[in-house]
Amino acid sequence: MFPLSLPTNRPLLTVIHPKPFLWIIELHNGQDNRLTSDLVDNGLKPALDAVEKDWREQWRATASTTDKEGGKGALIIVGRMDQNKFFSNGLDFENVVKNPNFFPVTFNPFLERLLLFPIPTIAAINGHCFAGGLMLSLACDYRVMTDGSKRNAWLCMNEVHFGAVWPLSFAAILRGKIGDHRLHRKIALEGHRFTPKEALNDGLIDHIVLGETADVLAKAEEMAERFSVNARAGVWGMIKEDLYRDVVKDVRKDLRLLNPAVADAAAKSRL
């Protein structure tokens, strides 16, 4: 099954399975990994399905045995590995605003899926991480980032600067992952550009790494090995369903105006 490139007709990501407990999704949609409908619907969603299916097959095979390695699992999402500038530059905003189905049909279900994924997830942030890209990383369980010493790297929700209203899903995930209201203000209303060190000090990320993409990925793999054992009991995702119950309720509240054309467009993306 692996390596797996998706979508099959024009790959925008690749999934590899380098170790028995580890899967890695590399985003390579252009240089800056804009989160387009195609990438999300035909790349990220089926990639998550493929990883979960593979892990569950391993888990079932060892669930009733004394194998201490079987059932371990972790997933890393990283920006394209041949550069050190971008993790993701956010959504394809120009097309998102034209598509009333983007959040309720495409992006929100993806964020929920990632938020509740049944094995530990780690965002290996190997460059700038803006807007929707930052939300993707917050939906992961852990975040590792370059320290920015060799090349500038920022985390930022910059919608306030270009006049985009947040969907309910963004606010819900921010509240669910970050508890300090002053930090909410700094992120959402000020559109602050966090350096990696600032992001670490404010609790947005878990580790910063001196070096380039390979070094960030190595640290992410170290964390994956450490926490993959917590997937063995099969309850990692079940606990998160309770932990983020209110977040999920709000993620699902995003509404869209319905007419036949909008409904047909939603069906087209689903079928």
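Residues numbered from 1 in each chain as written. Predicted model: local features only at pLDDT ≥ 70, side-chain atom pairs only at ≥ 80, totals over all residues. Heavy atoms only, no water.

Some details on the overall build of the protein
Logical step 1: Along the backbone of the protein there are 12 helices and 10 strands.
Logical step 2: In terms of C-alpha radius of gyration, the protein reaches 18 Å, essentially the compact-globule figure of 18 Å for 271 residues.
Logical step 3: Principal-axis analysis of the C-alpha atoms gives the protein an extent of 55 × 50 × 35 Å.
Logical step 4: Classification of the 271 residues of the protein by burial places 53% in the buried group.
Logical step 5: Across the protein, 34 positive and 33 negative side-chain charges occur, with their mean positions spaced 2 Å apart. (Helix = DSSP H or I, 4+ residues; strand = E, 2+ residues; numbered from the N terminus. Rg over C-alpha atoms; globule rule 2.2 N^0.38 Å. Buried < 20%, exposed > 50% of the residue type's maximum accessible area, 1.4 Å probe, protein only. Lys, Arg positive; Asp, Glu negative; His and termini not counted. Charge placed at Lys NZ, Arg CZ, Asp CG, Glu CD.)

Looking at the state of the cysteines
Logical step 1: Following the criterion strictly, the structure yields zero disulfides and no others.
Logical step 2: With no disulfide of its own, Cys-129 lies 9.4 Å from the sulfur of Cys-140, the closest cysteine sulfur.
Logical step 3: Residue class for Cys-129 comes out buried when judged on its relative accessible area of 0%. (Disulfide = S-S within 2.5 Å.)

What about the packing of aromatic side chains?
Logical step 1: Here the structure, examined in full by the defined rule, presents 10 aromatic pairs.
Logical step 2: Taken together, a centroid distance of 5.1 Å and an interplanar angle of 75 degrees make the contact between Phe-93 and Phe-162 edge-to-face. Here Phe-93 is found in helix α2 (residues 93-96), whereas its partner Phe-162 is found in helix α5 (residues 159-162), with 69 residues between them in sequence.
Logical step 3: Relative accessible area serves as the criterion here: at 40%, Phe-162 is assigned to the partly exposed category.
Logical step 4: Seen from their ring centres, Tyr-142 and Phe-227 are 4.4 Å apart, and the 15 degrees between their planes marks the pair as stacked. (Phe/Tyr/Trp six-rings, centres within 6.5 Å; stacked < 30°, edge-to-face > 60°.)

Focus on the nonpolar core
Logical step 1: Grouped together as the largest cluster of nonpolar side chains are 63 residues, with contacts concentrated most on Ile-25, Leu-44 and Phe-107.
Logical step 2: Top element by residues in this core is helix α1 (residues 37-62). It accounts for eight residues.
Logical step 3: Dropping the residues within four chain positions of it, Leu-44 is found in contact with Leu-13, Ile-25, Leu-27, Leu-35, Leu-39, Phe-110 and Leu-136.
Logical step 4: One finds Ala-74, Ala-124, Leu-217 and Met-223 within the second-largest nonpolar core, a separate group that totals 18 residues. (Core = buried A, V, L, I, M, F, W, Y, C linked by side-chain atoms within 4.5 Å. Contact = heavy atoms within 4.5 Å.)

Thoughts on the environment of Phe-107
Logical step 1: Relative to the helices and strands, Phe-107 is located in helix α3 (residues 102-115).
Logical step 2: Overall, the relative accessible area of 0% leaves Phe-107 in the buried class.
Logical step 3: Once residues lying within four places of it in the same chain are set aside, the contact partners of Phe-107 are Leu-35, Val-40, Leu-91, Phe-102, Gly-132 and Phe-170.

Looking at the pattern of salt bridges
Logical step 1: In total, this model carries 18 salt bridges according to the counting rule given.
Logical step 2: One salt bridge connects Asp-32 with Arg-34, and the closest N-O pair in it is separated by 3.3 Å.
Logical step 3: Salt-bridge contacts for Asp-250 lead to Arg-175; the nearest nitrogen and oxygen are separated by 3.1 Å. Placement of the pair is Asp-250 in helix α11 (residues 245-251) and Arg-175 in helix α6 (residues 168-177), with a sequence separation of 75 residues. (Salt bridge = Lys/Arg side-chain N within 4 Å of Asp/Glu carboxyl O.)

Some thoughts on the packing of helix α4 (residues 132-139) against α6
Logical step 1: With their axes 10 Å apart at the nearest point, α4 and α6 run at an angle of 45 degrees to one another. In terms of orientation, α4 lies oblique with respect to α6. Crossing hand, α4 versus α6: left-handed. Contacts between α4 and α6 involve Gly-132, Met-135, Leu-138 and Ala-139 from the former and Phe-170, Ile-173, Leu-174 and Lys-177 from the latter. (Axes fitted to C-alpha atoms, helices over the stretch in contact; angles between N-to-C directions. Parallel < 35°, antiparallel > 145°, perpendicular 65-115°, else oblique. Left-handed = near helix turned anticlockwise from the far one by under 90°.)

Section: the pairing of strand β4 (residues 74-78)
Logical step 1: Of all five residues in β4, five are buried; the element is thus mostly enclosed.
Logical step 2: Of the two faces of β4, the one holding Ala-74, Ile-76 and Val-78 and the one holding Leu-75 and Ile-77 are both buried throughout.
Logical step 3: Direction of pairing for strand β3 (residues 22-27) relative to β4: parallel, over a ladder of five bridges. Bridged to Leu-22 within β4 is Ala-74.
Logical step 4: Taken together, β3, α1 and β4 form a β-α-β motif whose crossover is right-handed. (Pairing = 2+ DSSP bridges. Right-handed = clockwise from strand over helix to strand, strands pointing away.)

Focus: α3
Logical step 1: Over its 14 residues, α3 runs 18 Å from end to end, which matches the ideal 20 Å to within 8%, given 1.5 Å per residue.
Logical step 2: In α3, a bend of some 35 degrees at Asn-108 exceeds every other bend along the element, and Pro-109, a proline, comes one to four places later.
Logical step 3: With respect to burial, α3 is a largely interior element, 11 of its 14 residues being buried.
Logical step 4: Where α3 is concerned, the buried positions are Phe-102, Phe-103, Val-105, Thr-106, Phe-107, Asn-108, Phe-110, Leu-111, Glu-112, Leu-114 and Leu-115. (Expected span 1.5 Å × (residues − 1). Bend = angle between axes of the 7 residues up to and from the residue.)

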